[in-house]
Amino acid sequence: RIKAEKNLQIEKTHFEKLFENAPAAILVLDKDSKIDNTNNKFQQIFYTKKEEIVGKDIYSCLSFANEPSFNSFLDVIKSGSTDTIQLSHVDNQTKKQLLFSVTGTSISFDDEYLGIFLLFRDITEETLTKKSLQIAKEKAEESDKLKTAFLSNMSHEIRTPMNAIIGFSELLSDPDLDNETKVSYISI
């Protein structure tokens with residue numbers, strides 16, 4: 001029994017260290033949507049302290065929780081599913097808009113709903129990079145279309161006078177052509 005308790009304590013310590021030092025922000029809600037736990041990354045991103053928000057209703061602590069899409073998301077999770085949502089949040093310090101991918105999963109034991117586990121991943125830079133790449137791709141495609149149109153137009157513009165030059169060259173090669181006509185053709 002002592003060995004089992006020690007192993008349980010070791011596993012609990014491993015989990016706590018992993019939870020606290022995870023590179024993603026983690027928020028745990030109880031069955032009444034009250035904040036049960038947060039990790040260090042969550043506290044850094046949302047400028048909160050664990051002791052200030054644990055035990056409080058998520059809707060009173062975090063502004064994004066009042067969004068209808070977030071409420072629908074929580075309802076899906078409470079039903080026993082795992083789901084992901086994109087969520088925007090304004091950083092309190094920098095006033096920049098941040099975008100998060102939030103994955104939620106229901107916590108249950110012996111078929112009893114205990115709460116929700118939420119994992120927040122900052123995808124702001126990733127999203128901005130994708131938008132930049134999309135804009136660059138669209139510009140490159142437009143540039144390619146313009147280049148093709150330019151080359152097609154230039155081909156036409158060059159071909160027209162070249163046909164005239166070739167035609168007059170053939171006329172000038174006629175041995176029966178008088179001098180006055182040759183001079184007229186050359187000037188044309």
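Here the structure is a predicted model, which is why all the values come from computation and not from measurement. (Residues numbered from 1 in each chain as written. Predicted model: local features only at pLDDT ≥ 70, side-chain atom pairs only at ≥ 80, totals over all residues. Heavy atoms only, no water.)

Draft legend 1. Fine view of the nonpolar core. Ranked by internal contacts, the top residues of the largest apolar core, which has 24 residues, are Leu27, Phe70, Leu118 and Phe120. At the level of elements, strand S1 (25-30), helix H2 (40-45), helix H5 (68-78), strand S3 (82-90), strand S4 (97-109) and strand S5 (112-122) are the ones that each hand at least two residues to this core. With 4 residues, the single largest contributor to this core is H5. Discounting chain neighbours no more than four positions away, the residues touching Phe120 are Ala24, Ala25, Leu27, Phe42, Phe46, Phe64, Leu87, Phe100, Ser101 and Val102. (Core = buried A, V, L, I, M, F, W, Y, C linked by side-chain atoms within 4.5 Å. Buried < 20%, exposed > 50% of the residue type's maximum accessible area, 1.4 Å probe, protein only. Helix = DSSP H or I, 4+ residues; strand = E, 2+ residues; numbered from the N terminus. Contact = heavy atoms within 4.5 Å.)

Draft legend 2. Inspection of the packing of helix H6 (residues 124-172) against helix H7 (residues 179-187) at higher detail. Contact geometry for H6 and H7: axes closest at 10 Å, N-to-C directions at 165°. Accordingly, the angle class assigned to the pair H6 and H7 is roughly antiparallel. Every pair of crossing elements has a handedness; the one defined by H6 and H7 is left-handed. Across the interface between the two elements, Phe168, Leu171 and Leu172 of H6 pack against Lys182, Tyr185 and Ile186 of H7. In terms of residue class, the contact of H6 with H7 is built from 5 nonpolar, no polar and 1 charged. (Axes fitted to C-alpha atoms, helices over the stretch in contact; angles between N-to-C directions. Parallel < 35°, antiparallel > 145°, perpendicular 65-115°, else oblique. Left-handed = near helix turned anticlockwise from the far one by under 90°. Nonpolar A, V, L, I, M, F, W, Y, C, P; charged D, E, K, R; others polar.)

Draft legend 3. Just the side chain of Asn39, in detail. Structurally, Asn39 can be placed in the loop between strand S2 (35-38) and H2. Residue class for Asn39 comes out buried when judged on its relative accessible area of 0%. At 3.2 Å, the side chain of Asn39 forms a polar contact with the backbone oxygen of Phe19. Those residues within four positions of Asn39 in sequence are excluded, and the remaining contacts are Phe19, Glu20, Ala22, Ala24, Ala25 and Ile26. (Polar contact = N/O pair within 3.5 Å; in protein donor to acceptor, adjacent residues only side chain to side chain.)

Draft legend 4. Main features of the pairing of S4. By the bridge criterion, 9 bridges tie S3 to S4 in an arrangement that is antiparallel. Bridge pairing in S4 links Thr82 to Thr105. Linking S3 to S4, which pair antiparallel, is a turn of 6 residues; within it Lys95 sits at a positive phi near 65°. As judged from the 10 bridges shared by S4 and S5, these two strands associate in the antiparallel manner. Across the sheet, Val102 pairs through a bridge with Phe120, a residue of S5. Where S4 folds back on S5, the antiparallel hairpin that results is connected by 2 residues, among which Asp110 adopts a positive phi of roughly 50°. (Pairing = 2+ DSSP bridges.)

Draft legend 5. The packing of aromatic side chains, seen in detail. On inspection of all chains with the given rule, the structure shows 11 aromatic pairs. When the centroid spacing of 5.5 Å and the interplanar angle of 65° are considered together, the rings of Phe42 and Phe120 count as edge-to-face. Of this pair, Phe42 sits in helix H2 while Phe120 sits in strand S5; the two residues are 78 residues apart in sequence, bridging distant segments of the chain. Relative accessible area serves as the criterion here: at 0%, Phe42 is assigned to the buried category. Using a relative accessible area of 1% as the deciding quantity, one classes Phe120 as buried. When the centroid spacing of 5.5 Å and the interplanar angle of 65° are considered together, the rings of Phe168 and Tyr185 count as edge-to-face. Linking Phe168 in helix H6 with Tyr185 in helix H7, this pair joins segments that are 17 residues apart in sequence. (Phe/Tyr/Trp six-rings, centres within 6.5 Å; stacked < 30°, edge-to-face > 60°.)

These figures capture arrangement, not role.
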